Amino acid sequence: MSNLSKPTRTVLVLAVLAALVVAASGCGTSTADPERGRTLFIQKCGVCHALAQAGTTAQIGPNLDDAFAAAREAGETGETVEGIVKDQVEFPRPSDGNSAVSMPADIVGGQDLDDVAAYVGLWAGVPGAAPPQVPGGPGAQVFANNGCGGCHTLAAAGSGGVTGPNLDQFLAPDDNAASIEEMIVDPNAEIVKGYPANVMPANYGQLLTPKELEDLIQYLIENTPAGGGSQKSKSG
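Bear in mind the structure is a predicted one, so any value in this text is a computation, not a measurement.

About the criteria used
Residues numbered from 1 in each chain as written. Predicted model: local features only at pLDDT ≥ 70, side-chain atom pairs only at ≥ 80, totals over all residues. Heavy atoms only, no water. Helix = DSSP H or I, 4+ residues; strand = E, 2+ residues; numbered from the N terminus. Buried < 20%, exposed > 50% of the residue type's maximum accessible area, 1.4 Å probe, protein only. Polar contact = N/O pair within 3.5 Å; in protein donor to acceptor, adjacent residues only side chain to side chain. Contact = heavy atoms within 4.5 Å. Patch = residues over 30% accessible without salt bridge, like charges linked within 9 Å, V, L, I, M, F, W, Y side chains within 5 Å. Areas by Shrake-Rupley, 256 points an atom, 1.4 Å probe, with all protein chains shown as cover. Salt bridge = Lys/Arg side-chain N within 4 Å of Asp/Glu carboxyl O. Lys, Arg positive; Asp, Glu negative; His and termini not counted. Charge placed at Lys NZ, Arg CZ, Asp CG, Glu CD. Axes fitted to C-alpha atoms, helices over the stretch in contact; angles between N-to-C directions. Parallel < 35°, antiparallel > 145°, perpendicular 65-115°, else oblique. Nonpolar A, V, L, I, M, F, W, Y, C, P; charged D, E, K, R; others polar. Expected span 1.5 Å × (residues − 1). pLDDT = per-residue confidence, 0-100.

## A short note on the side chain of Asp 115
Point 1. Mapped onto the secondary structure, Asp 115 falls in helix α5 (residues 110-123).
Point 2. Asp 115 gets classed as buried once you look at its relative accessible area, which sits at 2%.
Point 3. Of the polar contacts made by the side chain of Asp 115, one reaches the side chain of Arg 36; its length is 2.6 Å.
Point 4. Leave out the neighbours within four places in its chain, and Asp 115 touches Thr 31, Ala 32, Asp 33, Pro 34, Arg 36, Gly 37 and Leu 40.

Structure follows, in structure tokens:
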């Protein structure tokens, strides 16, 4: 093994893991939702991991495109990657032996883990992968890239999420840039009636760059009653 190149060793290790995953998983019909998994990945994993299709660039944990590129090139399937991701989430191992940067145990579980693993299995290490492009300008892209539509309804984005408030109705004319920014970066500062605390991740202040946050706020002002803005249709 000492004479093998690093990419070759990586492929061999992944192949062994793949065999274990296949033996343990058996047959069955997957109920995973990769689109939901993308939203969860951005919220839960994107603060540490880079993944091109998710638009995340964090360097705390491994770059998942780099980690699985050799496996993809060697012909490993998305199901193999999916199984490895599940194993690593359920039994996290310190990065380079450094427990200080070890991934928290069970950062996602149950259906959430199924969805995240299916998403990473679909896109990690895929050459040329990039976030889906949407019309509507940079703010619309930020809204889409960060999975906001998975939780919120917004007519302009064509989204119908119900985990959080309907933004077409919730944002009011007296909401301005400052108040919307607080809703995004400190969502528990004021709990919305009918929704539990901590339903919205509180790390968007770290996930978004200042420019992305500014673009997102402007997009919401222009496409909801906020700041006196008018709602626009998806095609508007």
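## Overview of a negative patch on the surface
Point 1. Taken together, Glu 181, Glu 182, Asp 186 and Glu 190 make up a surface patch of like negative charges.
Point 2. Looking at the element boundaries, Glu 181 is found in helix α8 (residues 177-185).
Point 3. Overall, Glu 181 belongs to the partly exposed group, its relative accessible area being 35%.

## Notes on the packing of helix α6 (residues 138-145) against helix α10 (residues 210-223)
Point 1. In the contact formed by α6 and α10, the axes pass within 7 Å of each other and the chain directions differ by 105°. Judged by the angle between their axes, α6 and α10 are roughly perpendicular. On α10, the residues touching Pro 138, Gly 139, Ala 140, Val 142 and Phe 143 of α6 are Glu 212, Asp 215, Leu 216, Tyr 219 and Leu 220.
Point 2. By residue class, the composition of the contact of α6 with α10 is seven nonpolar, one polar and two charged.

## Details of α5
Point 1. The end-to-end C-alpha distance of α5 is 21 Å, a good match for the 20 Å that 14 residues give at a rise of 1.5 Å each.
Point 2. Buried within α5 we find Leu 113, Asp 115, Val 116, Ala 117, Ala 118, Tyr 119, Val 120 and Gly 121.
Point 3. Here the buried face of α5 lies against α2 (34-45), β1 (50-51), α3 (64-73) and α4 (78-90).
Point 4. Downstream of α5 by a residue or two, Gly 125 has a phi angle that is positive, lying close to 80°.

## Brief notes about the confidence of the model for the protein chain
Point 1. Considering every residue of the protein chain, the mean pLDDT works out to 83; 81% of them sit at 70 or more.
Point 2. No element of the protein chain has a lower mean pLDDT than helix α1 (residues 6-25), which averages 45, and none a higher one than α10, which averages 97.
Point 3. Counted against residues more than four places away or in other chains, residues 4-28, with its pLDDT under 50, gives 21 contacts.
Point 4. Scored below 50 in pLDDT, residues 231-236 makes 13 contacts in the model with residues more than four places away or belonging to other chains.

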